[in-house]
Amino acid sequence: MPLLRGPFVRSRLGASLLVFWLLVDGFTRGSEHAATSTLPASFTDLFPHFLVEPEDEFIVKNKPVTLTCRSTPATQIYFKCNGEWVHQDDHLIERSVDPNTVLPVMQVTIEITRQQVEKVFGLDEYWCQCVAWSTTGTQKSQKAYIRIAYLRKNFEEEPQGKEVALDQEVLLHCHPPEGVPQAEVEWQRNEDVIDPASDPNFFITADHNLVIKKARLADTGNYTCVAKNIVARRKSTSATVLVYVDGGWSEWSKWSPCGADCSMWRTRECTQPTPGTGGKDCQGLDIQSLNCTSEQCPQTVSGAEDVALYVGMVAIALCLTLLLIVVVLVYRRKKEGLDADVADSSILTTGFQPMGIKPSKPGVWAPRPRRLPHCKNSHLLTIQPDLTTTTTSYQGTLRSRHEGTGKFSMSNGPLLDPLPNGSHTLHNGKLNQEHTEFMSRLTTQTYFKTLPRDIANASYGTFNFLGGRLTIPNTGISLLIPPEAIPRGKIYEIYLTVQRREDLRLPLAGCQTLLSPVVNCGPPGVVLSRPVILSMDHCSDACLDNWAVRLKKQNYDGAWEDVLLMGEEPVVEPYYCQLEAETCRLFAEQLGTFALVGESLHMGAAKRLRLVLFSDAYCSTLEYNIRVYCMDDTQDVFKEVMEMERQLGGRLIDEPHILLFKDSYHNLRLSIHDMPQAHWRSKLLAGYQEIPFYHIWNGSQRYLHCTFTLERLSLSTCELTCQLCVWQVEGEGQTFSLDFNIAKDTRALDSEFMLMDSSSTALAGPSAFQIPYLIRQKICSSLDAPCPNGADWRMLAQRLKLDRHMGFFASKASPTSVILDLWEAQHFHSGNINQLATVMADIGKQEAMIFLVSDGEC
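Please read these numbers as outputs of a predicted model, since none were measured by experiment.

Trainee: Looking at this structure, I do not really get the sheet that holds strand 7 (residues 104-112). What am I missing?
Mentor: Sheets are built from strands that pair by backbone hydrogen bonding, the pairs being arranged parallel or antiparallel. As summarised here, the arrangement of the four strands in space is 1-3-7-6, forming an open sheet in which the pairing is antiparallel. Each of the sheet's edge strands pairs with one partner strand only, and the pair in question is strand 1 (49-52) and strand 6 (92-97). Direction aside, neighbouring strands of the sheet carry axes that sit 25° apart on average. Sheet analysis places strand 1 next to strand 3 (residues 65-72), joined by three bridges and oriented antiparallel. Note that in strand 3 the partner of H49 across the bridge is T72.

In structure tokens:
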């Protein structure tokens, strides 16, 4: 039979016929095929078996892999890959003889390249298999799978920094990047590999998370998750774990000997353990004193001297008792006089008559005089002024608090002083001197013995039923205490503080993020007759379709609990919220510690980030640093960064920009471009810096920043021009165009973009409100009752664009007073009382006309 040659053997059919021919011919003639041999007759009844079979391989970068197959006894061996025979020219064949069995051994190898694997489309994996023939039959080897190895750059989840108490369990999450083969994970602490076998306090779970069973002080450090396979090695961003120790008392010392003042002392120290790494100090006193008994006192008197001492003590006690009685009687008389005076409504009938609205300043629009609709209060139109009456009972001015210096007017003249164009302004009568002193004490008494004095982040005040306002300057945080919120006869000392974020351990989970500062108002447990209004900034996009925003309150045990879900507030609960574009107004019938926490409902939810640039005010070296802060867009964080930079000698070098940072899991990148290469160069090795998504979204780190270090090639170079870009990957971005002289930068940016709030932190009584107390009462009595034509509190809410809260207003005894409280909270700095008067005139309530009166209509 002739030997088969040419293209015929290169096809599947040709290969099959070749095998058939070899089997029939009995291999009596030598084959010209490179992978075929002839067996002796004594071995023709043996099946081939494999000594070496091909193994799974990974292609690293562009390096091909080699597959090997060895069989005995075999007349030929071929490779088949993904169902196709490999060309005979691609086989490398080696022949030998097994010295033990004297059987012939055949070994065949092939190479697989990256291009071959990539050309296979529609298949999950690329595989190869070898087939061995003998005169008796064939054998197939196992399949070897060839995969292209890779390891992606970004971790699917990176560890997050934590502050934990001593002996607390710590869990650090890590989900390595996708890779083939699957990446192995190890953990490092301060660049040293963690070995759970040598330190059983560590445990690495099956899904690569690190568990610290009991946190020790030595466990404080930077933890990094490292993923590696045959292609590459990736490191996550480091997560800082801070193990803090709260202080604890040691035992009390023994009592000291009785001193000359007949007292003895004992002390204790905060050393069991000593507070460390940011832990809390011990609570309570570290020293106690106790009066000694007469036997222990070294200055004990006896005999006749005892009698004289006792007589003197009794006399002093009697004098003090009489003095106390006199003080109590005087105080009660003053208090009764104050309550009666403020309740006196005679001021409404001694100097006011309805007039048309006119602007208080030129160019401000005012409606033309018109006849008001007739309603049940129309009898007030007939009130005529009695300028001969002297009213001295009202404690405050009827003028807007922004029209004066904040002090009470002491005019002895008429209640209506003429102004140009026939207008009048309102004054109150002469105040009683005793009442003035009482109000002065009420406003200025701001001490609390039980709280630390932190002027920058706290405000204190003393208030009665007239109400007042507390403000923490330049933070957007204030507390409005409406009139009648404090029961008559009560005087409360109230405080307002903003907690620093490093002292905060607010638990967050999943997609939750902190949207506001943590604000504490107290003391908790005070009895309020109506809700106060707490105002604070937030940094969400204010779209409730994107968020589930919850108000959290800290209970007495220090744990946080949800008290309401924004948009689903029950109107009868002690808390209610209005979410404005940048501010949250919380109606609270109980004081406490509050914060807003948001949970994104989808990837369209966004936080507002404020991007701020600082540099050194003076630069005497070749290096020049630009610090880029990425912070929540709230005034309290901005204030803290401004104060910190002032202490560091930093300077604001451009106006802040706002960036919407979405819940897309994409990081924030920062880069600098377009510097004059002849004068400046960047020392950044990479093309950009990157802040991980979770570091920003979590919100637990108060202000994140990156530093760009630039180097000028000469000390004489002072002009700097460049573009600094900040953007979220696959999201929004902002660009700062810088062009200034680093040595002579005289731009007043600090004062321009830092609102300098110079108002008093505590205002008590009428000076805290725009609407005078008695006029407010008259408006409430007019609008609370339903009017047939709808001219009541509902129309007031609609005109002020507050109709979304109709149900909440209706649940209150005086809906009008709650609406006016909200107006006062919203317009403390920028409110125009004449605009409110215009709204009242449109409703048809002539009480609004009290604010401005005109001679032409008298």
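Continuing now.
Trainee: Sorry if this is basic, but what is going on with the packing of helix 8 (residues 773-783) against helix 11 (residues 815-826) here?
Mentor: The description of two helices packed together rests on the angle between their axes and the distance between the axes. Two numbers describe how helix 8 lies on helix 11: the axes approach to 8 Å, and their chain directions differ by 130°. Between helix 8 and helix 11, the angle falls in the class oblique. The crossing of helix 8 and helix 11 is right-handed. Of the residues in helix 11, those touching helix 8 at R776, I779, C780 and L783 are T816, S817, L820 and D821. By residue class, the composition of the contact of helix 8 with helix 11 is four nonpolar, two polar and two charged.

Trainee: Help me understand the environment of R530 in this model?
Mentor: Here R530 lies in the loop between strand 31 (519-522) and strand 32 (532-537). For R530, a relative accessible area of 13% corresponds to the buried category. As a C-alpha pair, R530 and P487 span 43 residues in sequence and 9.1 Å in three-dimensional space. Among the polar contacts made by the side chain of R530, one reaches the side chain of S817 at a distance of 2.9 Å.

Trainee: Just checking my understanding: could you explain the pattern of salt bridges for this structure?
Mentor: As a working rule, side chains carrying opposite charge can pair if their charged atoms are close by. Counted according to the given criterion, the structure contains 27 salt bridges. Note that E484 is salt-bridged to R488, the shortest N-O span being 3.0 Å. Using a relative accessible area of 37% as the deciding quantity, one classes R488 as partly exposed. Between R669 and E690 there is a salt bridge, and its shortest N-O distance comes to 2.6 Å. Taken together, the residues R669 in strand 42 (residues 668-673) and E690 in strand 44 (residues 689-691) connect sequence positions 21 residues apart. When its relative accessible area of 22% is taken as the criterion, R669 is described as partly exposed. Salt bridges sharing partners connect three or more residues here, namely R189, D199, R216 and D219.

Trainee: Explain the side chain of T717 to me, please; I cannot follow it from the model alone.
Mentor: Mapped onto the elements, T717 comes out in the loop between strand 45 (703-712) and strand 46 (719-728). What makes T717 buried here is its relative accessible area of 11%. Aside from chain neighbours lying at most four places away, what touches T717 is H679, W680, R712 and I742.

Trainee: Even after reading the chapter, I still don't get the state of the cysteines, so can you show me in this structure?
Mentor: Formally, a disulfide is one covalent bond, and it connects the sulfur atom of one cysteine to the sulfur atom of another. Inspection of every chain in the model, using the stated rule, returns five disulfides. Between the sulfur atoms of C174 and its disulfide mate C225 the distance is 1.9 Å. In this structure, the disulfide formed by C174 and C225 twists by about -75° around the S-S bond and is classed as left-handed. Here the residue C174 occupies a position in the loop between strand 13 (170-172) and strand 14 (179-180), and C225 occupies one in strand 19 (residues 221-228), the gap between them amounting to 51 residues.

Trainee: What exactly am I supposed to notice about the environment of F587 here?
Mentor: One can find F587 in strand 36 (residues 583-588). Overall, the relative accessible area of 3% leaves F587 in the buried class. With 52 residues separating them along the chain, F587 and S535 place their C-alpha atoms 9.1 Å apart. Among residues more than four places away in sequence, those in contact with F587 are P531, V532, I533, P574, Y575, Y576, F808, V818 and L822.

Trainee: What is the right way to look at empty space enclosed by the protein in this model?
Mentor: In this approach the atoms are scanned with a rolling probe the size of a water molecule, which exposes any empty space left behind. Applying the stated rule across the entire model yields five cavities of 30 Å³ or more. Of the voids in this model, the second largest cavity is the one considered here, and its volume is about 60 Å³. If you go around the second largest cavity, the residues you meet are L609, C630, M631, D632, H695, I696, G699, Q701, R702, Y703 and L704. If you list the elements that add at least two residues to the lining of the second largest cavity, you get strand 39 (623-632), helix 6 (693-698) and strand 45. The dominant element in the lining of the second largest cavity, judged by the number of residues it contributes, is strand 39, at three residues.

Trainee: What's the story with unusual backbone geometry in this structure? I'm lost.
Mentor: Excluding glycine, residues mostly carry a negative phi; peptide bonds, for their part, are mostly trans. The omega torsion across T72 and P73 is -25°, close enough to zero to call that bond cis. Counting through the fold element by element, P73 comes out in the loop between strand 3 and strand 4 (76-81). Cis geometry marks the peptide bond from V180 to P181; its omega dihedral reads -5°. Note that P181 resides in the loop between strand 14 and strand 15 (184-189). Positive phi, close to 75°, is recorded for E191, a residue that is not glycine. Turning to its location among the elements, E191 is positioned in the loop between strand 15 and strand 16 (192-193).

What counts and what doesn't
- Residues numbered from 1 in each chain as written.
- Predicted model: local features only at pLDDT ≥ 70, side-chain atom pairs only at ≥ 80, totals over all residues.
- Heavy atoms only, no water.
- Pairing = 2+ DSSP bridges.
- Helix = DSSP H or I, 4+ residues; strand = E, 2+ residues; numbered from the N terminus.
- Axes fitted to C-alpha atoms, helices over the stretch in contact; angles between N-to-C directions.
- Parallel < 35°, antiparallel > 145°, perpendicular 65-115°, else oblique.
- Left-handed = near helix turned anticlockwise from the far one by under 90°.
- Contact = heavy atoms within 4.5 Å.
- Nonpolar A, V, L, I, M, F, W, Y, C, P; charged D, E, K, R; others polar.
- Buried < 20%, exposed > 50% of the residue type's maximum accessible area, 1.4 Å probe, protein only.
- Polar contact = N/O pair within 3.5 Å; in protein donor to acceptor, adjacent residues only side chain to side chain.
- Salt bridge = Lys/Arg side-chain N within 4 Å of Asp/Glu carboxyl O.
- Disulfide = S-S within 2.5 Å.
- 1 Å grid on protein atoms, 1.4 Å probe; cavity = no way out; pocket = protein on both sides within 12 Å on 5 of 7 lines; lining within 4 Å.
- Points joined across faces, edges and corners; volume = space filled by probe spheres on them.

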